[in-house]
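Structural features, examined
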Amino acid sequence: MQAWQVHELGEPGEVMRLAEVARPAPGDGQVLLKVRAANINFPDALMCRGQYQVRPPLPFTPGVEICGETEDGRRVIANPALPHGGFAEYAVADAAALLPAPDALDDAEAAALHIGYQTGWFGLHRRARLEAGETLLVHAAAGGVGSAAVQLGKAAGATVIGVAGGAAKATVARELGCDVVIDRHEQDVVAAVKEATGGRGADVIYDPVGGQAYAQSAKAVAFEGRIVVVGFASGSIPSPALNHALVKNYAILGLHWGLYNTKNPELVRHCHEQLTELAARGAIKPLVSERVPLTGAADAVQRVADGVTTGRVAVLPPTENGAAT
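Remember, it's a predicted structure, so these values are computed and weren't measured experimentally. (Residues numbered from 1 in each chain as written. Predicted model: local features only at pLDDT ≥ 70, side-chain atom pairs only at ≥ 80, totals over all residues. Heavy atoms only, no water.)

Brief notes about the overall build of the protein
When its secondary structure is counted, the protein shows 12 helices and 15 strands. For 325 residues, the compact-globule estimate of 2.2 N^0.38 gives 20 Å, and the protein sits close to it at 19 Å. Along the longest, intermediate and shortest principal axes, the C-alpha atoms of the protein span 60 × 40 × 35 Å. When the 325 residues of the protein are sorted by exposure, 53% land in the buried category. Restricting to contacts in the protein with at least 6 residues of sequence separation, those with at least 24 account for 66%. Here the protein has roughly 13900 Å² of accessible surface; of this, 50% comes from carbon and sulfur atoms. (Helix = DSSP H or I, 4+ residues; strand = E, 2+ residues; numbered from the N terminus. Rg over C-alpha atoms; globule rule 2.2 N^0.38 Å. Buried < 20%, exposed > 50% of the residue type's maximum accessible area, 1.4 Å probe, protein only. Contact = heavy atoms within 4.5 Å. Areas by Shrake-Rupley, 256 points an atom, 1.4 Å probe, with all protein chains shown as cover.)

In structure tokens form, the structure reads like this:
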């Protein structure tokens with residue numbers, strides 16, 4: 001089968017190599033999956049660079065999120081068991097963690113319903129306890145993680161303010177349903193949030209960026225607001241001033257979604273049921289901005305790493321007749 005492999009660490013576009021390799025053999029409790037679609041996540045780029053908390057042994061195949069097909073024909077969502085990731089024709093995954101792919105979504109959309117939307121659901125509902133009528137601020141609103149949070153916030157009845165970088169991404173954020181869109185390249189984010197909220201600030205702030213975005217969050221959060229720290233796509237991990245959180249009376253909430261798979265897997269399944277129901281009634285629909293063939297995966301991962309994409313980019317392995325699915 002064809003699979004992308006990383007033999008040395010570096011930029012994805014330089015170290016990912018397409019090769020002919022044997023199909024992976026499932027271990028105890030694992031199943032072999034035919035990859036129907038694999039979505040690119042920022043951690044894929046970080047793993048290529050050796051900068052992610054999970055460091056699979058070399059050589060490894062990136063791709064942490066797929067829609068696959070079991071040997072008995074079931075269509076499922078899975079996180080492949082590394083080092084046999086999803087940028088390949090076949091992958092392996094833990095059987096106990098498989099989730100049914102929603103009928104309302106195609107393969108690429110179904111794969112994209114997993115990490116980003118689970119992260120959004122846990123961040124907004126489990127950690128921040130977002131309520132209808134509150135104001136939600138989403139950084140990187142046009143990205144894969146941010147776009148999911150925007151849709152989930154709207155589905156929860158919140159007023160959503162989206163922050164995006166540049167006119168094109170601002171347009172995408174607006175099309176996703178943001179009530180207010182702030183172009184951080186052209187506007188003062190904190191001033192714009194205060195203007196949109198009558199000086200009060202945002203009740204919940206969803207931050208997958210870190211760095212300057214977090215500094216803006218601390219200035220734009222409302223009394224008794226909650227800042228949900230999801231990741232550091234900017235590459236800069238902030239050091240929050242806890243005296244500021246004390247004086248201003250807001251909460252800083254961390255979210256590591258992967259921990260729920262070991263600490264409370266039943267809650268992950270409950271979340272998937274909620275997401276499936278929202279997808280069935282059209283309240284959420286993953287934004288898949290590009291669908292590229294397997295041969296284009298390295299270039300696509302590099303573009304995600306460079307921050308020039310919107311929504312999710314899906315990698316589609318060839319079908320039996322050689323065409324992408």
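Side note on the pairing of strand S14 (residues 288-293)
In the sheet, S14 pairs with strand S15 (residues 312-316) via 5 bridges, with the strands oriented parallel. Paired with Val 288 across the bridge in S15 is Arg 312. Remark: the S14/helix H12 (residues 297-305)/S15 crossover connection has right-handed handedness. (Pairing = 2+ DSSP bridges. Right-handed = clockwise from strand over helix to strand, strands pointing away.)

A closer look at the packing of aromatic side chains
A full pass over the atoms with the stated rule returns 2 aromatic pairs. Three or more aromatic residues link up through ring pairs in this structure, and these residues are Trp 121, Phe 122 and Tyr 260. When the ring centre of Tyr 90 is taken as origin, the NZ or CZ atom of Arg 23, which lies over that ring, is 4.0 Å away. (Phe/Tyr/Trp six-rings, centres within 6.5 Å; stacked < 30°, edge-to-face > 60°. Lys NZ or Arg CZ within 6 Å of the ring centre and 35° of its normal.)

Some points on the pattern of salt bridges
Throughout the structure, instances matching the rule amount to 13 salt bridges. Among the salt bridges present, the one from Glu 11 reaches Arg 49, with a minimum N-O distance of 2.9 Å. Separated by 38 residues along the polypeptide, Glu 11 in the loop between strand S1 (2-6) and helix H1 (12-15) and Arg 49 in helix H2 (residues 42-49) bring together distant segments of the chain. Given the relative accessible area of 22%, Arg 49 is considered partly exposed. Arg 36 is the salt-bridge partner of Glu 69, the closest N and O atoms lying 2.8 Å from each other. Of this pair, Glu 69 sits in strand S4 (residues 66-69) while Arg 36 sits in strand S3 (residues 30-39), and the two are 33 residues apart along the sequence. You can call Glu 69 partly exposed: its relative accessible area is 25%. (Salt bridge = Lys/Arg side-chain N within 4 Å of Asp/Glu carboxyl O.)

Description of the sheet that holds strand S11 (residues 202-207)
Note: strands within a sheet are paired through backbone hydrogen bonds, in either parallel or antiparallel orientation. One open sheet holds the 6 strands; their spatial order is S10-S9-S8-S11-S12-S13, and the pairing between them is parallel. Pairing within the sheet leaves two strands with one partner each, and these edge strands are strand S10 (180-183) and strand S13 (251-254). Neighbour-to-neighbour, the strand axes of the sheet open up by a mean angle of 20°, direction not taken into account. Relative to strand S9 (residues 159-164), strand S8 (residues 135-138) runs parallel, the two sharing 4 bridges. What sits directly across from Val 138, in S9, is Gly 162. Contacts between helix H6 (residues 167-176) and the sheet are confined to S9 and S10, with S10 contributing the most and set at about 165° to the helix. Across the sheet, helix H7 (residues 189-196) touches S8, S9, S10 and S11, and the angle it forms with S10 is around 165°. (Axes fitted to C-alpha atoms, helices over the stretch in contact; angles between N-to-C directions.)

Looking at the side chain of Asp 183
Its location among the elements puts Asp 183 in strand S10. For Asp 183, which is buried and forms no salt bridge, the nearest opposite charge comes from Arg 184, at a distance of 6.6 Å. In this structure the side chain of Asp 183 is engaged in a polar contact, spanning 2.9 Å, whose partner is the backbone nitrogen of Gly 166. At 2.9 Å, the side chain of Asp 183 forms a polar contact with the backbone nitrogen of His 185. Setting aside anything within four residues of it in sequence, one finds Asp 183 in contact with Ala 164, Gly 165, Gly 166 and Ala 167. (Lys, Arg positive; Asp, Glu negative; His and termini not counted. Polar contact = N/O pair within 3.5 Å; in protein donor to acceptor, adjacent residues only side chain to side chain.)

Comments concerning the pairing of S10
Pairing analysis gives 4 bridges linking S9 to S10, with the strands arranged parallel. Considered in S10, the bridge of Ile 161 is made with Val 180. Between S9 and its parallel partner S10, the chain crosses via H6, and the hand of that crossover is right-handed.

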